[in-house]
Amino acid sequence: SRDKTIGVAPGLLSKYAPSSGDKWTCLDGSKQISWKAVNDDYCDCKDGSDEPGTSACANSTFYCRNDGHIGSTIPAWQVNDGLCEAACCDGSDELPGVCPNRCKEIGEAYRTKRDAERKLRKTGAKIRSTYIAYAHKEKKRLELVLQSNVQEIALQEKEVERLKDIAERTESISAAALEHKKESPLYQSIIKHSNALKSLQREHKKHLEREKALGDILDALRKGYNPNYQDMAVLEAVRGWEYLAGLPHINDVGKEDSEAEGDGEVKEVTEEPVAEVLEDGMWSEEDLEKNLDPLLNTDYVSLLLEHDEHVQTPASESVLFDLASYIPDSIYPQYEELKDAVISWLEKLGIVKPSPDAAADSSKARQVLTDAENKLNDLKRDQERAKEDMEDIFNPEGFGSEGEWKKLDGMCLEKDTGEYTYEVCLFGEAKQKPNHGGSTFSLGKFKSWNPDQDVPVGSPEFYTKQTYKHGTRCWNGPERNVILELSCGLENAIQSIIELEKCEYQFTVTTPALCLPLDPENGKDAGREEL
Amino acid sequence: VKSHDFKTCSQAGFCRRGRALASRAKEASSWTSPYSIDLSTIEVAHDSAKFTAQVKSSLYPDVKFGLDVRLHTDGVVRVRMDEINGLKKRYDEAASWALISEPEVSKSMKWSVGKTEFKAKFGEGQDFEIVVQFNPLKIVLLKGSKEQIVLNGQGLLHMEHFRSKKVEVEGEPKPEGSEGVEDAQTVIQVKPNAWFEGEDEDAYWEETFGSWTDSKPKGPESLSVDISFPNHANIYGIPQHATRLSLPSTTGESPQFEDPYRLYNTDVFEYIASSPMSLYGSIPILHAHSAESTVGIFHSVGSETWIDVSHATDKSTETHWISESGILDVFLMPGPTPADVFAQYSRLTGTPVLPAHWALGYHQCRWNYISSDDVRTVQKRFDEEGMPVDVFWLDIEYSQDHKYFMWEPKNFPDPVDMINDVAATGRHMVVIVDPHLKRVSEYPVYKEASERGVLVKPKSGEGEYEGWCWSGSSSWIDFFNPGAWDWWKSLFKPYQLASGGWSWTQSTEAVHIWNDMNEPSVFNGPEISMPRDNVHHNGWEHRDVHNINGMLFSNLTYQALLERSDPPQRPFVLTRSFFAGSQRFGAMWTGDNLGTWEHMEVGVKMVLANGIAGMSFGGSDVGGFFGNPEPEMLVRWYQVGAMAPFFRAHAHIDTKRREPYLLDQPYKDIVRDILRLRYTMLPVWYTAFRETTVTGLPVLRPHYVMFPEDKNGFDVDDQYYIGSSGLLVKPVTEKGATEASVYLAEDQVYYDYFSHQVYRGSAKGKNITVPAALHQLPLFIRGGSIVSTRERPRRASTLMKRDPFTLRIALDKKGSARGELYVDDGETYSHRNGEFIWRQFFADKGKKELRILSKDLAASRPSDAVDGVALKSFNPANEFAKSISGVRVERIVVLGLGSKPKSVKVEGGQTLEWEYTPGVASNDKKDGAAGVLVIKDPATSIANNWEILVQL
């Protein structure tokens, strides 16, 4: 019979010896059996420990010594099944004579591969260290940005205060008069018309977008029509769309010699529509497209004032109001203040009517204020972002505890697979761009690192996966998503793209950011490694 | 389902006519069949039990029909009727495809000719009698004096003769309702035959459905026949329908379904889980059953057929068969037991083929594994998780533009390497090949088919029919054309052909084939199939052969695989479409089911019903083809699948990946255990398959087959036995179940397979409640059975060949048990040369001892040992037996032993170690866990005779 210790891992060898009376106790202590029952190809122990060398216990493991290579452990179900396992290059898992000892060649191949991997990692780690240096630099830069930003923000806040003050005063003076004018039935009606027109335009645009989206959907349906659905309704929809859009039937496309690859060649089958006869003054489609927007952008307040001007006698053009042009810039604000005070007083007495300039001035002041406020908001947003970046830069859930991923923030990688070019901008968005026309689809935006709950945050394995979620929804399917499988490599590059199930993409990406420096001791203890 | 894609009876002209005929008969105060035998034309064969006669119809005195009635040696009565010298010819070749050979007509039985009828007695004790009444024509099969089967008892027999279409004279307006009156002299008068045929020529010459028009060049030629079972209340069979095993009624008092059962092979998208609608396959055979006897009907007709079912009384069943074309060719199978009917039907159409052993393992499929690396990764994941699997499948996307055989080069750049990587672990691949060929000249398969002129033709009879399928514009091979046969077989050769013709060099013998879409499915055709007026070989219309079409495809593929290797390896061919006889070529599955509990449940019934019709090797897609099953459902479906003859997981392209290793815990561990359970039970499955290949008894046996006299079991279709193993399965198909109710039909002890809990049945039948939490599959061993298993987990079944056996002995009330085991090489046909072992195990308890024996069974019954041949003798020391003589019994588990034994030893050999767990005895009245004796490693060879003595 075979050696009783066959299949026993070196660390457990001492436990495989008979006790007095030739007994042996299962390693879990559950049972005492006779020593001859060890490795007798019958499972006695619940934990499988009595059969390290056979397949009798479903839950035991077999240790192959693999002399000349690295020892390894295989599950019991691979023992004595007639197959020569690569993991058991010494063939000890099978009956003698079944498998040759291939440890020499397998060991050599393994070492060659391991050395190449180490070399790669070593070089990659150098690049990685530059990423880390970059992160430190970036941190400093951000700190500076933050500092200077604080000052700028303070300044800008003051400026906004000042402008606000001016704008409000300007408005308060002119507001009452303007309000009065605005009560004009004509103005009210124009505003109503304008609003109606705007609403119509908005609705129209919505419909146009809907129509286009529907067209796109139907085009996709027509081209991608998957007869799997074997669905006559789908076929009818395709045919209906083709009739409406004047397209040839997709089933017929390419049937003739004039085969057009890819997008079904659009044959103009519809006759030129007879030009519509328009009533006098009615706008054509082209007019609508070109002229509606400018029309709607009309400054109705100015118009109102112009209108006033038009219907009233030009007498109100008083010298007083022309004075402005003669006032030096330096004292202009004071002058304005004075003027406003006087005019409002005159107005109250009914001596003069509010001037159109005043209203115009007030909207100008408002504009300046808005610009200043926008600038302030931009500054604040920049600061927020810089703060976030600062927080993320050495965050294990952000750019890594060493900041090694900061360098890759926003870096876009592309791969052309023939029909499509796939792109992922790291920590940004992944896209599918058709190479032969059609729409680009979002495959999702960066969502997280490795979502597997079992993988500790910040562990090397944590950084081997990224998820991009909530991309464009698939027709009749889920939203598109990407899982990035990252591994150490000298270049930041997409290696492969597969769609294992509909709209679930898996990109494999290499990056030096994952080339961890070799453990200096690693070289020495290779002999203890297990496969 | 898109119901409007498929016809109801009222949308099919001939079915409408058939049902109208039946309702006229029902409403008439008196009704007599117009058909009778012309006495002057009777000819009785002098050397065999066969007679022919002309049948005339009072409706059309000038039209003649030929009747041919034969008594086969096994008591089956065949009744054929065809029009004689008609204007055209009815299709009469359906039987030539379905039958294995021309059945032997009895020479010993004799007809006795009377004035009003023919009679013949036959059977043991002459207790069967067949009576053919002349006027009106009626055929009755009796047992004792009880009517078993009555043909045309209700006078619905009608064979529409061929007639000429009346050409309408131009400018002469015809009054409504006068169309098609036969005799110009009687125009405007009442149609004399209207009492029978109806007033109108309803859809005689043309018929539209949706946007399709069926041109019906031959005019009306439908066939109606009523077949009654005055003493049988239950009928089973006529698959494939998603409904109960005991078929619900379709006419009469409050029928469950409004439409008749339809047999018309169709690709039904998202089919309904309870419906008489036709599905992918059609087998026109049914069993009529009562506690007294079982009889069967097989109607060999390949055209669309509708079958109405009703019960005039609670003891009887009436069926009405309405076919679109073809001849009457009915086989009356007298039984009288279910086993007899199975044997009788098997002698006609053959038994299921013995599958390769590996085909009984687990099959992993998905639409689609997208690349050769994907296949490798899936294989790796199975291995890492210790989940056994035997076959990886590739659906249509492996092929370039759906040109089958042609690998898509970007994703499958190295197909042979991939196949070899799978085969390196003893596994196989199954690759899909569909019958539609993409119409592009650079596709060699299409090109060669086109050049040979073996494609189905359009109604003009010229050129190639063109339809739409996966591959876009496609044509279909006409397998009715013998010119297609050798060519098709040559395509599968994995090497270069000497002829220079194309062959699949990018494949190996480890690749087997999946034939899908062979109804045939045509996306832009009527009812997603071919126009009925398409033309096949010899000018037959598609309507004549539609239901047979799918079978020929899998038949030829089977032959192709058989011929590609020398010595031949057993092919595996999965087909979606099938007909009577398809069991000879491989496995089927229940098509594109949905991931719902209803579909899981009805799938079990469908597999049982298909087994009744000979298609034992079947299963439903584990997980459901459409949809994303939640983990609980997936686990239950694995339990269902593991207990089905064909065990395959499959998923639609739009579904999430759901390979079992992707499951979270605890589901993953549960499914791993189920997969391993399937593998431990492979000896049981294989032994059950051996039996069906010889006897035709189904692998899955419903209650009425097991206990024909137990009325309580006639409607039971949610539990079944596996072969004669004694294993009783009750799959759980209910969400959230924690227990299940199981019906025990007999006064016998049953043991829970896993816990050894004892359940005792009753002679009157008894329902028991058993635990059925998610990890628990209700599986029982019937007392009196010995079950052989191999309990070492492996990666694939082919790696288990040298693994030892465990025998599980379930003692019956009397303390005895027996069981069978069949083993051969599992791959070749060497078993037909006697290379196998067929063992029987016995256990018998006396007062002082329990004897356990292994005996050779083959030597005593060589002629019914294996399929395909009747061996004259058997050599127990054959080469195969020698090759496994080292394979031992490693464990014997005895269930139901009430007391601790004194000793255990091999007769004439060593004393054995054993362990005893106290518990109840098989003959106790008590419930509880059984007393269990485990005998450790008797080390007796599985191939040898031996005896073990347990001293009590």
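Look up a bit, the structure's there.
Let us look at the structure shown here. (Residues numbered from 1 in each chain as written. Chains lettered and ligands numbered in written order. Predicted model: local features only at pLDDT ≥ 70, side-chain atom pairs only at ≥ 80, totals over all residues. Heavy atoms only, no water.)

Concerning the environment of Trp597 of chain B
Residue and element names in this part refer to chain B. As a reminder, the rule being used: Secondary structure elements are defined from DSSP: runs of H or I of at least 4 residues count as helices, runs of E of at least 2 residues count as strands, and each element is numbered from the N terminus. Contact criterion: two residues are considered in contact whenever any of their non-hydrogen atoms come within 4.5 Å of each other.
Mapped onto the elements, Trp597 comes out in helix α10 (residues 597-612). Separated by 236 residues in the primary sequence, Trp597 and Asn833 place their C-alpha atoms 46 Å from one another. Beyond its immediate sequence surroundings of up to four residues, Trp597 is in contact with Glu630, Glu632, Met633, Arg636, Thr733, Glu734 and Lys735.

Quick look at the pattern of salt bridges
Side chains that differ in sign of charge can pair as their charged atoms come close. The cut-off we apply is this: For salt bridges, the criterion is a side-chain nitrogen of Lys or Arg within 4 Å of an Asp or Glu carboxyl oxygen. When accessible area is computed with a 1.4 Å probe and restricted to protein chains, residues below 20% of their type maximum are described as buried, those above 50% as exposed, and intermediate ones as partly exposed.
Taken as a whole, this structure holds 100 salt bridges over all chains when the rule is applied. Across the pair Arg376 of chain B and Asp373 of chain B runs a salt bridge, and its minimum N-O distance is 3.0 Å. Linking Arg376 of chain B with Asp373 of chain B, this pair stays in helix α5 (residues 372-384), spanning 3 residues, or about one helical turn. Assessed through its relative accessible area of 21%, Arg376 of chain B is described here as partly exposed. Residue Glu791 of chain B pairs with Arg891 of chain B through a salt bridge whose shortest N-O separation is 3.7 Å. In this pair, Glu791 of chain B sits in the loop between β40 (785-789) and β41 (805-810) while Arg891 of chain B sits in strand β45 (residues 889-895), placing the two residues 100 residues apart along the sequence. Residue Glu791 of chain B is classed as partly exposed on the basis of its relative accessible area, which comes to 25%. Within the structure, one salt-bridge network assembled from shared partners comprises Asp41 of chain A together with Glu791, Arg792, Arg808, Arg888, Glu890, Arg891 and Asp937 of chain B.

Quick notes on the packing of aromatic side chains
For any two aromatic rings, the description comes down to two numbers: the centre-to-centre distance and the angle of the planes. Residues and elements named next belong to chain B. Defined as follows: Centres within 6.5 Å are what make two rings of Phe, Tyr or Trp a pair, Trp counting through its six-membered ring; a difference in plane orientation under 30 degrees is then read as stacked, over 60 as edge-to-face, and the rest as tilted.
Throughout the structure, instances matching the rule amount to 72 aromatic pairs over all chains. Judged by centre distance (5.5 Å) and plane angle (25°), the rings of Trp31 and Phe196 are stacked. In this pair, Trp31 is assigned in the loop between α1 (13-27) and β1 (35-44) and Phe196 in helix α3 (residues 194-197), connecting sequence segments 165 residues apart. Measuring from centroid to centroid gives 6.0 Å for Trp358 and Phe572, while their planes differ by 55°, and the two rings are tilted. Residue Trp358 is located in the loop between α4 (338-349) and β21 (362-364), and its partner Phe572 is located in the loop between α9 (542-563) and β28 (573-575); the two are separated by 214 residues in the primary sequence. In this structure Phe572 comes out as buried when scored by relative accessible area, which is 2%. Aromatic rings pair up to connect Tyr398, Phe405, Trp407, Phe412, Phe479, Trp487, Trp488, Phe492, Trp502, Trp504 and Phe553 into one cluster.

What about the state of the cysteines?
Residues and elements named next belong to chain A. Applicable threshold: Cysteine sulfurs are considered disulfide-paired once they come within 2.5 Å of each other.
Under the definition given, this model contains 9 disulfides over all chains. Covalent S-S linkage joins Cys89 and Cys103, the inter-sulfur distance amounting to 2.1 Å. Of note, the bridge from Cys89 to Cys103 carries an S-S torsion of about 95° and is right-handed in sense. In this pair, Cys89 sits in the loop between β4 (72-75) and α1 (103-182) while Cys103 sits in helix α1, placing the two residues 14 residues apart along the sequence. Residue classification places Cys89 among the buried positions, given a relative accessible area of 2%. For Cys103, a relative accessible area of 1% gives the class buried.

Structural measurements only, silent on function.
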